Amino acid sequence: MATQSKIPEWILQCLDQYGNCACGRAITKKLGKDKLLEELEALGYPCTLEILADQKEKAAYPKDGTYILTMKTEDYYTEEDDEDY
């Protein structure tokens, strides 16, 4: 899959294979959280981003954090839609 995206190919392959990916701090900080999620959405990978870090760390992009992208599923949309009714 050749793309003109700033998203590394290995992230897309990981999302295809597992539905989630530990993408790391470097790519998240380089693009920014919102831009990363927007680019993935545009490529057909609607995701959520969870940053797990020590609660003492207040930085937007903690150095020792774990950055996990998870594909949104049909169940994700259904749960949100159910709350609207």
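No experiment lies behind these values; they were computed from the predicted model shown.

Participant: What is the right way to look at the overall build of the chain in this model?
Facilitator: Helices and strands together make up the secondary structure of the chain, namely 4 helices and 3 strands. When the helices and strands of the chain are listed from N to C terminus, the series reads α-β-α-α-β-β-α. Accessible surface, the chain: about 6100 Å² in total, of which carbon and sulfur atoms supply 46%.

Participant: Hey, could you run me through the side chain of E39 in this one?
Facilitator: As for its position among the elements, E39 is in helix α3 (residues 33-42). For the buried E39, no salt bridge exists, and the shortest N-O distance to an oppositely charged side chain is 4.1 Å, to K35. Not counting residues within four places of it along the chain, the set of residues in contact with E39 comprises S5, K6, I7 and L31.

Participant: Help me understand the confidence of the model for the chain, please; the structure alone is not making it clear to me.
Facilitator: Looking at the chain as a whole, the pLDDT averages 84, with 81% of positions reaching at least 70. At the level of individual helices and strands, the chain shows its lowest average pLDDT in helix α4 (residues 74-84), which scores 52, and its highest in strand β1 (residues 20-22), which scores 96.

Participant: Mind showing me how you'd approach the sheet that holds strand β3 (residues 66-71) here?
Facilitator: In a beta sheet, neighbouring strands are held together by backbone hydrogen bonds and run either parallel or antiparallel to one another. With antiparallel pairing, 3 strands are arranged side by side in an open sheet as β1-β3-β2. Edge positions in the sheet fall to β1 and β2 (47-52), since each of these pairs with one other strand and no more. Put simply, the sheet's adjacent strands are angled 20 degrees from each other on average, direction ignored. The pairing of β2 with β3 spans 6 bridges and is antiparallel. What sits directly across from C47, in β3, is M71. Sheet strands touched by α3: β2 and β3. Its angle to β2, the strand with the most contacts, is close to 150 degrees.

Participant: Where do I start with the environment of A60 in this structure?
Facilitator: Position of A60 among the secondary structure elements: in the loop between β2 and β3. With 27 residues separating them along the chain, A60 and K33 place their C-alpha atoms 9.3 Å apart. Look past the residues within four positions of A60 in its chain and what remains in contact with it is K33 and I51.

Participant: I tried to follow helix α1 (residues 9-18) on my own but got confused; where do I start?
Facilitator: The α-helix winds at 3.6 residues per turn, so residues separated by three or four positions along the chain end up facing the same way. When we look at burial in α1, the residues that qualify are I11, L12, C14 and L15. Buried residues of α1 fall within an arc of 160 degrees about the axis and therefore sit on the same side. For α1, the exposed residues set more than 90 degrees away from the buried face come down to D16 and Q17. Looking at the buried positions of α1, the neighbouring elements they touch are β1, α2 (25-31), α3, β2 and β3.

The rules behind these values
- Residues numbered from 1 in each chain as written.
- Predicted model: local features only at pLDDT ≥ 70, side-chain atom pairs only at ≥ 80, totals over all residues.
- Heavy atoms only, no water.
- Helix = DSSP H or I, 4+ residues; strand = E, 2+ residues; numbered from the N terminus.
- Areas by Shrake-Rupley, 256 points an atom, 1.4 Å probe, with all protein chains shown as cover.
- Buried < 20%, exposed > 50% of the residue type's maximum accessible area, 1.4 Å probe, protein only.
- Lys, Arg positive; Asp, Glu negative; His and termini not counted.
- Salt bridge = Lys/Arg side-chain N within 4 Å of Asp/Glu carboxyl O.
- Contact = heavy atoms within 4.5 Å.
- pLDDT = per-residue confidence, 0-100.
- Pairing = 2+ DSSP bridges.
- Axes fitted to C-alpha atoms, helices over the stretch in contact; angles between N-to-C directions.
- Arc of directions from axis to C-beta.

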